[in-house]
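Given next are the chains, with one letter for each unit.
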2 protein chains.
Amino acid sequence: MAEALGFRDVKAGILDRIRGGDWPPGTRIPNEVELAETLGCARATVSRAMRELADDGVLDRRRRAGTWVATSPVRQARIEIPLVRAEVEATGARYRYALVSRDRMAAPNWLRARLGLPEGCPVLHLACAHFADDFPFQYEDRWINLSAVSAAARADFAAEGPNEWLVANVPLSEAEIAFSAVAADAEVAANLSLAPGEPVFLCERTTRLDGEAITLARLHFGRGYRMTTVL
Amino acid sequence: MAEALGFRDVKAGILDRIRGGDWPPGTRIPNEVELAETLGCARATVSRAMRELADDGVLDRRRRAGTWVATSPVRQARIEIPLVRAEVEATGARYRYALVSRDRMAAPNWLRARLGLPEGCPVLHLACAHFADDFPFQYEDRWINLSAVSAAARADFAAEGPNEWLVANVPLSEAEIAFSAVAADAEVAANLSLAPGEPVFLCERTTRLDGEAITLARLHFGRGYRMTTVL
DNA sequence: CAGTGGTCTAGACCACCGG
DNA sequence: CGGTGGTCTAGACCACTGT
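Residues numbered from 1 in each chain as written. Chains lettered and ligands numbered in written order. Predicted model: local features only at pLDDT ≥ 70, side-chain atom pairs only at ≥ 80, totals over all residues. Heavy atoms only, no water.

Sorry if this is basic, but what is going on with the protein's contact with DNA strand C here?
Near DNA strand C, the surroundings consist of 23 residues, among which R43 and R61 of chain A together with G6, F7 and T45 of chain B are the closest. Within 4 Å of the protein, the contacting atoms of DNA strand C are drawn from sugar and phosphate to the extent of 70%. In the model, a phosphate oxygen of DNA strand C is placed 2.6 Å from a nitrogen or oxygen of the T45 of chain B side chain. Separating a phosphate oxygen of DNA strand C from a side-chain N or O atom of R48 of chain B is a distance of 3.5 Å. Elements with a minimum of two residues in the surface near DNA strand C: α3 (43-55), β2 (59-62) and β3 (66-69) of chain A together with α1 (7-19) and α3 (43-55) of chain B. Per-element accounting of the surface near DNA strand C gives the leading share, four residues, to α3 of chain B. Looking at the surface near DNA strand C residue by residue, the class counts come to five nonpolar, six polar and 12 charged. (Near = heavy atom within 4 Å. Polar contact = N/O pair within 3.5 Å; in protein donor to acceptor, adjacent residues only side chain to side chain. Helix = DSSP H or I, 4+ residues; strand = E, 2+ residues; numbered from the N terminus. Nonpolar A, V, L, I, M, F, W, Y, C, P; charged D, E, K, R; others polar.)

Pasting the structure below:
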């Protein structure tokens, strides 16, 4: 009998029985008390192991009913959203940032609709280029709600990108992220050295604080970019 | 004094203090024992709250050192990888599956290199179309390693998609997922009713069991597809 | 109604690592 | 060395929900 089973051991044991075919998808597996007794550890340990496996989508749990091996595994994955600088430097390349344009204006209608801003709401529009060894890596189309972050009007963003400025100056916020594939328009194409119409991997991030929109970032990635899972 | 604080309350309290500006990014926050005393709950409760916040990237924790508010939040996000059928039906549309082609062959060189297969390794190549109300939704380019999953050679995949067959017949496996934007080639364009060269959102999933490659799926999504985060 | 997961408590020991 | 997070235990109560 093994001594001092940890929740990692319990997780591994459950995964082994699933992978080994003992517990095929759809099987109802023993409850926490039974497993704790057979394994010789506390129920809390089994509970944590099963909870994490359920978080990973490997198990389905329902109160009063029990725990089953999920019939459709790999339901969710984790992806990293690194800072551009870190992402570039991780490849061994030198990172360089450049501000392409900076304009203060009233929010255009499409932006107002998207972020829920009032008419005439002042916004800051930035276009930023991020390079890896002087090759274009990412083109950032950034909109900042000045009525929520008025201090941004006094930042020039010449040396520091808006993302770095925002994380240092806005406490914390909820983000909604969406990924898609779009065709490069003339502006994006020029800034990423692409032909117009070429496919571009796009990451759109909307950030809110207490429901109020702070910023919208549209990050266009250069040719051949791949976003991969961790874990 | 509140009674019976739960770990969710503790999480919310910490987040409030971060969002409120009491604890700006980089701040060292009280340790578990102190927080438990001030809040009037057990250390385990605080521990779980802080652990989950650290998992979400909101806090940085180091042994012996302490816990800090992360300087770069939103480092990772969770995305859902639903089954095609569920994804289509969630929109209210009717799901329909069709097998486009099915060929048994020796693995081509690019596939052998990618999955680490031996020369002459038998594989099954499937092309599948997934429809939402008879509009093309996803075009699936699927390769199955028959030396690892020989039973797949006897499945015809006429009524059931390969993904559903695999999850029901291969116990569990590790998956690596990558997302990118590519231009539609002639085949993809035809199957998704696109013009050749149009941008396509591509999800490539490699699945392994004990290090041996099981399958490679290349899922091409129709025009305008967006993948969004949960949580 | 009773079984199941979900959570909290109080206490304990350990691994780690900065001073 | 001592403080910090990381984990395990044994027990308890509650919330939910299938039968």
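Is there a simple way to think about empty space enclosed by the protein in this case?
Over the atoms rolls a probe the size of a water molecule, and in doing so it shows where empty space is left. All names here are of chain A. The tally for this structure, following the rule as stated, stands at nine cavities of 30 Å³ or more. Lining the second largest cavity are 18 residues; nearest its centre among them are I81, P82, R205, L219 and F221. Elements supplying a minimum of two residues to the lining of the second largest cavity: α4 (84-90), β7 (135-145), β9 (199-209) and β10 (212-221). Residues belonging to the lining of the second largest cavity are distributed by class as follows: 11 nonpolar, two polar and five charged. (1 Å grid on protein atoms, 1.4 Å probe; cavity = no way out; pocket = protein on both sides within 12 Å on 5 of 7 lines; lining within 4 Å. Points joined across faces, edges and corners; volume = space filled by probe spheres on them.)

Hey, could you run me through the protein's contact with DNA strand D in this one?
Around DNA strand D sit 23 residues in total, of which G6, F7 and T45 of chain A together with R43 and R61 of chain B are the nearest. Of everything in DNA strand D that lies within 4 Å of the protein, sugar and phosphate atoms constitute 71%. Within the side chain of N31 of chain B, a nitrogen or oxygen atom sits 3.2 Å from a phosphate oxygen of DNA strand D. In the model, a base oxygen of DNA strand D is placed 2.3 Å from a nitrogen or oxygen of the R43 of chain B side chain. Of all the secondary structure elements, the ones that give two or more residues to the surface near DNA strand D are α1 (7-19) and α3 of chain A together with α3, β2 (59-62) and β3 (66-69) of chain B. Broken down by element, the surface near DNA strand D gets its largest block of residues, four residues, from α3 of chain A. A class-by-class count of the residues in the surface near DNA strand D yields five nonpolar, six polar and 12 charged.

Which parts of the structure should I look at to understand the relation of the copies chain B and chain A?
For the pair of chain copies, the relating transformation is a rotation about an axis with a translation along it. If you rotate chain B by 180° and push it 0.0 Å along the axis, it lands on chain A with an RMSD of 0.3 Å. Such values leave the two copies arranged in the relation of a two-fold axis. Mapped onto chain A, 100% of the interface residues of chain B are again interface residues, and the two copies thus contact each other with one and the same surface. (Least-squares fit on C-alpha atoms with pLDDT ≥ 70 in both. Contact = heavy atoms within 4.5 Å.)

Sorry if this is basic, but what is going on with the domain arrangement of chain A here?
For interface size, the figure often reported is the accessible area lost on association. If you check the domain split of chain A, you get domain 1 (7-69) and domain 2 (79-230). Here the C-alpha centre of domain 2 of chain A lies 42 Å away from the C-alpha centre of domain 1 of chain A. (Domains from an automatic or database assignment.)

Teacher, can you tell me more about helix α6 (residues 162-169) of chain A here?
Residues spaced three or four apart along an α-helix face the same direction, because each turn holds 3.6 residues. Among the residues of α6 of chain A, P162, N163, W165, L166 and V167 of chain A are the ones counted as buried. The inward-facing, buried residues of α6 of chain A contact β5 (95-106), β6 (122-132), β7, β9 and β10 of chain A. (Buried < 20%, exposed > 50% of the residue type's maximum accessible area, 1.4 Å probe, protein only.)

Is there a simple way to explain the pattern of salt bridges in this structure?
Between side chains of opposite charge, a pair can form when the charged atoms approach closely. The final tally for this structure, using the stated rule, is 28 salt bridges over all chains. Across the pair E52 of chain A and K11 of chain A runs a salt bridge whose closest N-O atoms are separated by 3.0 Å. Note that E52 of chain A is positioned in helix α3 and K11 of chain A in helix α1, a separation of 41 residues in sequence. One salt bridge connects R96 of chain A with D134 of chain A, and the closest N-O pair in it is separated by 3.0 Å. Here D134 of chain A lies in the loop between β6 and β7 and R96 of chain A lies in strand β5, a separation of 38 residues in the sequence. By relative accessible area, D134 of chain A is classed as partly exposed at 42%. Within this structure, R114, D141, E204 and R218 of chain A together with R226 of chain B form a network of salt bridges that share partners. (Salt bridge = Lys/Arg side-chain N within 4 Å of Asp/Glu carboxyl O.)

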